[in-house]
Amino acid sequence: MIRNLLRRALRRTEDRVGFVIVAAALGLFAIQPAFAHEYKIGTLEIEHPWARMTPAGAKVGGGYLTIENEGKEADRLVSATAEVAGRVEIHEMSVKDGIMTMRMLPDGVEIPADGEARLAPGGFHLMLMDLKQPLKEGESFKGTLTFAKAGTVDVSFKIEGMGGPKGSDAGHDGHSHDHGMPTN
Ligand SMILES: [Cu+2]
C-alpha cells in the first residue's frame, strides 16, 4: 500500500519534472527570436534573418540576413530551407542594361575570411519558392542554413513589412536610412 503511494508520488514528480523541461524548451524557442535574434555556428554569426511580407496568393518570397565570419577561412552558404516554402534557392539580383535581373547561384554565396556576406533587398537573397501560405508581418517561421564548412544551423525568420526591418536596416548598419527602396 505505502509502496504504491510512493510509486504514484514518484511518478507524479517525474511528470512534473518532464513538464518543466518541456515548458523550458518551449519557452526558449519562443524567447529566442524576440530577443537575441542572432545565431552562431563555428566562426559564423548570423544576424536577424527576416523575410518580406507577401500579398495573398504570392508563390515566392524573399529571405534576408547578414552572415559575419570571424574565422581565418572563407566559408560558403550553400543551401537553405524554410518551413513555409517548398524549396529555397540562393539568388542574386542585379541591374543589367537598366533591367533588373535575378539569377540563381548554384554554388551559393561566399562569406570571406574575417568578412561578411549580406543578403539584402536588391542583392543576394534567399528565394522562397512554392510558398505554402502568405507571409504575414509580425509572424515568423523556422528554417535552416547550411554552410560548406560550418554545417547546418536552425534559424527563425521574422516577417517584416514591405520596407524591411524598422530602423535597423536588417540589424546591421544603424546609420543607413531605409526609404523602402533597394539600395544596392
Ligand atoms: Cu530571387
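Residues numbered from 1 in each chain as written. Predicted model: local features only at pLDDT ≥ 70, side-chain atom pairs only at ≥ 80, totals over all residues. Heavy atoms only, no water.

Chemist: Account for the packing of aromatic side chains, naming residues and giving values.
Modeler: Going through the model one piece at a time under the given rule, you end up with two aromatic pairs. Aromatic pair Trp50 and Tyr64: ring centres 4.6 Å apart, planes at 35°, arrangement tilted. Of the two residues, Trp50 sits in strand S2 (residues 44-52) while Tyr64 sits in strand S3 (residues 61-69), which places them 14 residues apart along the sequence. Of the residues examined, Tyr64 reaches a relative accessible area of 7% and is grouped as buried. Between Phe141 and Phe157, the aromatic rings sit 5.1 Å apart at their centres with planes inclined by 10°, giving stacked as the arrangement. A residue pair is termed long-range when its members are at least 10 positions apart, and Phe141 in strand S10 (residues 140-147) and Phe157 in strand S11 (residues 151-160) qualify at 16 residues. Classification of Phe141 as buried rests on a relative accessible area of 3%. (Phe/Tyr/Trp six-rings, centres within 6.5 Å; stacked < 30°, edge-to-face > 60°. Helix = DSSP H or I, 4+ residues; strand = E, 2+ residues; numbered from the N terminus. Buried < 20%, exposed > 50% of the residue type's maximum accessible area, 1.4 Å probe, protein only.)

Chemist: Explain the pairing of strand S6 (residues 99-104) to me, and be specific about the residues and the numbers.
Modeler: Relative to S6, strand S5 (residues 85-96) runs antiparallel, the two being bridged by six bridges. Looking at S6, one finds that Glu92 is bridged to Arg103. (Pairing = 2+ DSSP bridges.)

Chemist: Tell me about the environment of His37, residues and numbers included.
Modeler: By secondary structure assignment, the location of His37 is in the loop between helix H1 (2-34) and strand S1 (38-41). Since its relative accessible area comes to 9%, His37 is described here as buried. Considering only alpha carbons, one finds His37 and Glu47, 10 residues apart in sequence, at a separation of 6.7 Å. For His37, the side chain forms a polar contact with the side chain of His48, separated by 2.8 Å. A distance of 2.7 Å separates the side chain of His37 from the backbone oxygen of Ser156, its partner in a polar contact. (Polar contact = N/O pair within 3.5 Å; in protein donor to acceptor, adjacent residues only side chain to side chain.)

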